Amino acid sequence: MSTAETPLLDTRDPDTRLVLKLLRLQVLTPLSVLVNIATFLICSLVVKPSMKDLNRAFPTAVTPNAGMMAMIWIFVFAGQVLYCMLLVAGRKHDTRETMVYGVGLRLVLANWLMVAWSIVFTLKSWLPSTIILGVLTFFVLWINFTLIWYPPSVSRPMDFIAIHVPIRLWLLILLLSSLPQSIFITLDWVFSPDHPEVDYDRRSWEALGFILGTNAVGLLWVLIKRDLIWTIGGVWTMLALMSKRPKGVPVFTATILVAVLYPLVWITSLAWHRLREKDKQAAIALPPEDPQAREELARARAEDPDMPDDGAARAWADTAR
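How each quantity is defined
Residues numbered from 1 in each chain as written. Predicted model: local features only at pLDDT ≥ 70, side-chain atom pairs only at ≥ 80, totals over all residues. Heavy atoms only, no water. Helix = DSSP H or I, 4+ residues; strand = E, 2+ residues; numbered from the N terminus. Buried < 20%, exposed > 50% of the residue type's maximum accessible area, 1.4 Å probe, protein only. Contact = heavy atoms within 4.5 Å. Areas by Shrake-Rupley, 256 points an atom, 1.4 Å probe, with all protein chains shown as cover. Phe/Tyr/Trp six-rings, centres within 6.5 Å; stacked < 30°, edge-to-face > 60°. Salt bridge = Lys/Arg side-chain N within 4 Å of Asp/Glu carboxyl O. Expected span 1.5 Å × (residues − 1).

**As for the overall build of the protein**
If you tally the helices and strands in the protein, you get 13 helices and 0 strands. Seen in sequence order, the protein has helices and strands lined up from the N terminus as α-α-α-α-α-α-α-α-α-α-α-α-α. For the protein, the proportion of its 321 residues judged to be buried stands at 41%. Long-range contacts, defined here as pairs at least 24 residues apart, represent 78% of the contacts in the protein between residues at least 6 apart. Counting only carbon and sulfur atoms, one obtains 68% of the accessible surface of the protein, whose full area is about 17,600 Å².

**Observations concerning the packing of aromatic side chains**
Across all of its chains, the model carries 12 aromatic pairs by this definition. Pairing Phe145 with Trp149 gives two aromatic rings, centres 5.1 Å apart and planes at 75°, and the pair type is edge-to-face. With relative accessibility at 57%, the residue Trp149 sits in the exposed group. The interplanar angle of 75° and the centroid separation of 5.3 Å between the aromatic rings of Phe184 and Phe210 together place this pair among those described as edge-to-face.

**Observations regarding the pattern of salt bridges**
Considering all chains together, one arrives at 4 salt bridges under this definition. Its salt-bridge partner being Arg168, residue Asp227 comes within 3.0 Å of it at the nearest N-O pair. Residue Asp227 is found in the loop between helix H9 (204–225) and helix H10 (228–243), and its partner Arg168 is found in helix H7 (residues 157–186); the two are separated by 59 residues along the sequence. In terms of burial, Asp227 and Arg168 fall into one category: buried. The salt bridge involving Arg203 is made with Glu206; its shortest N-O contact spans 3.0 Å. Looking at Arg203, the relative accessible area reads 30%, which means it is partly exposed. With relative accessibility at 27%, the residue Glu206 sits in the partly exposed group.

**Notes on H9**
Three- or four-residue spacings in an α-helix give side chains the same orientation, since the helix completes a turn every 3.6 residues. Compared with an ideal rise of 1.5 Å per residue, which puts 22 residues at 32 Å, H9 spans 31 Å between its outermost C-alpha atoms and is within 8% of the ideal. Every buried residue of H9 is accounted for by Ser204, Ala207, Leu208, Ile211, Thr214, Asn215, Gly218, Leu219 and Val222. Backbone geometry just after H9 places Arg226 at a positive phi near 55°.

Below you can see the structure in the form of structure tokens.
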């Protein structure tokens, strides 16, 4: 067979397709991450008015402390940089499958959406920026949902650090902070930055609904998955919201309540999980210690072959015979 008739790559092979998709991500993902970080920094610190200036000019009942939220953004962007390095350096098959099928091109699209949001928000186009932010939140939520089927393991710690942590924190900051704040600004639920003491409690009850509603999803996730990352991030976000004064009584009360509930729900879920594990271990039937009981068990198994197959009972039955 000539060389022209021999295919260089067998695209029907799953491993070959995995490598080809990985190569595509190795080109597109770092570019999107670099542009996203650069655009976010320029829109936050360089242009006038910057996103930081706009947050001050349009305060709302759900506006958090910008400095504290910046800490979460640092973890998100640093994690994405590590993810780009893992795309190139990762050699384990499970890691590659997680990056290709668990994350894939959706992360690239999410980064470009955030680039668009940063620019549109800086231009004070409130409604388009909120729509873009909603679509971005959907994509990040989609990635997090898919990663349920690609859990990290002790043998692959970088999967947790470079993939799961930044994606989860990104969803947290969008769902609990950025999206509600953008909605409030779009609906003109703001108060005067020069005289906040006059109407600082405007729309406090609406803010209460947003805080309890969005965090109810987070608390349910913590209860089901015992997610320590979301627990820490949720508490930090509530502290950031609480520390940005002034705040109405409903908002302040809600933030304290949610900040207390996160660790309580996590501890409760963890304790319940361990109790269930102990119950499962205790449910394993132990062989009887009494020799007469062993003989009776052996006779019962000999008379009824359809008895549940218990390893310990079978061993003792064979010994008694």
